[in-house]
Amino acid sequence: KYVWKIVADMVQELASIFPDPWFHVGFDEVPQECLKEHGYDSSHVQAFARFVDKQLELHGKVGVYWEDNLHLINKVVDPSRAIIQCWNGGPKKSGRGSASGTHDNSK
């Protein structure tokens, strides 16, 4: 619960400092192997993504997310307030997807 409070406070403070409508969230920092090693799974990442998305909504911000974990957040982040930033070879390498769609690395 402490982490959630820290994140909420951080979003509030940064949103008050930067007037831009975008807020780069990232969501590529923790490798999936690390999550599994510590007893976490995709449902934990999705709960956290949902929480962050709601915090951004409270402050009128649009979340920007790296494409790496799109497959984890695409069902919980509001697509009308999300931008997926490609950097890892773009749609051909990472698969086509958006917060409202699917993410398929097989193509």
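Remarks on the sheet that holds strand β2 (residues 62–66)
Piece 1. Taken in spatial order, the three strands make up an open sheet running β1-β2-β3, and their pairing is parallel. This sheet does not close on itself; its edge strands, each paired only once, are β1 (22–26) and β3 (82–85). The mean inter-strand angle of the sheet, taken between neighbouring strand axes irrespective of direction, is 30 degrees.
Piece 2. Looking at chain direction, β1 and β2 are connected through four bridges and run parallel. Residue pairing in the sheet places F23 in a bridge with G63 of β2.

Things to note about the packing of aromatic side chains
Piece 1. Under the criterion given, the structure shown has two aromatic pairs.
Piece 2. Seen in terms of ring centroids, W4 and F48 are 5.7 Å apart; in terms of plane orientation they differ by 75 degrees. Their pairing is edge-to-face. Of this pair, W4 sits in helix α1 (residues 2–17) while F48 sits in helix α3 (residues 42–58), and the two are 44 residues apart along the sequence.
Piece 3. Between W4 and F51 the ring centres are 4.6 Å apart and the planes differ by 70 degrees, which places this aromatic pair in the edge-to-face class. Placement of W4 in helix α1 and of F51 in helix α3 is noted, with a sequence separation of 47 residues between them.
Piece 4. What makes W4 partly exposed here is its relative accessible area of 32%.
Piece 5. Judged by its relative accessible area of 18%, F51 falls in the buried class.

Notes on the environment of D41
Piece 1. Relative to the helices and strands, D41 is located in the loop between α2 (32–37) and α3.
Piece 2. With a relative accessible area of 41%, D41 lands in the partly exposed category.
Piece 3. Within the structure, D41 has its side chain in polar contact with the side chain of S43 (distance 2.4 Å).

Quick word on α1
Piece 1. Compared with an ideal rise of 1.5 Å per residue, which puts 16 residues at 22 Å, α1 spans 23 Å between its outermost C-alpha atoms and is within 8% of the ideal.
Piece 2. Among the structural elements, β1 and α3 are those in contact with the buried residues of α1.

Some points on the nonpolar core
Piece 1. With 19 residues, the main nonpolar core has V25, F27, V52, L56, Y65, I73 and V77 as its most contacted residues.
Piece 2. Elements represented by at least two residues in this core include exactly α1, β1, α3 and α4 (70–73).
Piece 3. Looking at this core element by element, the count peaks at five residues for α3.
Piece 4. When residues no more than four places from it in sequence are discounted, the contact partners of F27 are V45, F48, A49, V52, Y65, N69 and I73.

Thresholds, definitions, all that
Residues numbered from 1 in each chain as written. Predicted model: local features only at pLDDT ≥ 70, side-chain atom pairs only at ≥ 80, totals over all residues. Heavy atoms only, no water. Pairing = 2+ DSSP bridges. Helix = DSSP H or I, 4+ residues; strand = E, 2+ residues; numbered from the N terminus. Axes fitted to C-alpha atoms, helices over the stretch in contact; angles between N-to-C directions. Phe/Tyr/Trp six-rings, centres within 6.5 Å; stacked < 30°, edge-to-face > 60°. Buried < 20%, exposed > 50% of the residue type's maximum accessible area, 1.4 Å probe, protein only. Polar contact = N/O pair within 3.5 Å; in protein donor to acceptor, adjacent residues only side chain to side chain. Expected span 1.5 Å × (residues − 1). Contact = heavy atoms within 4.5 Å. Core = buried A, V, L, I, M, F, W, Y, C linked by side-chain atoms within 4.5 Å.

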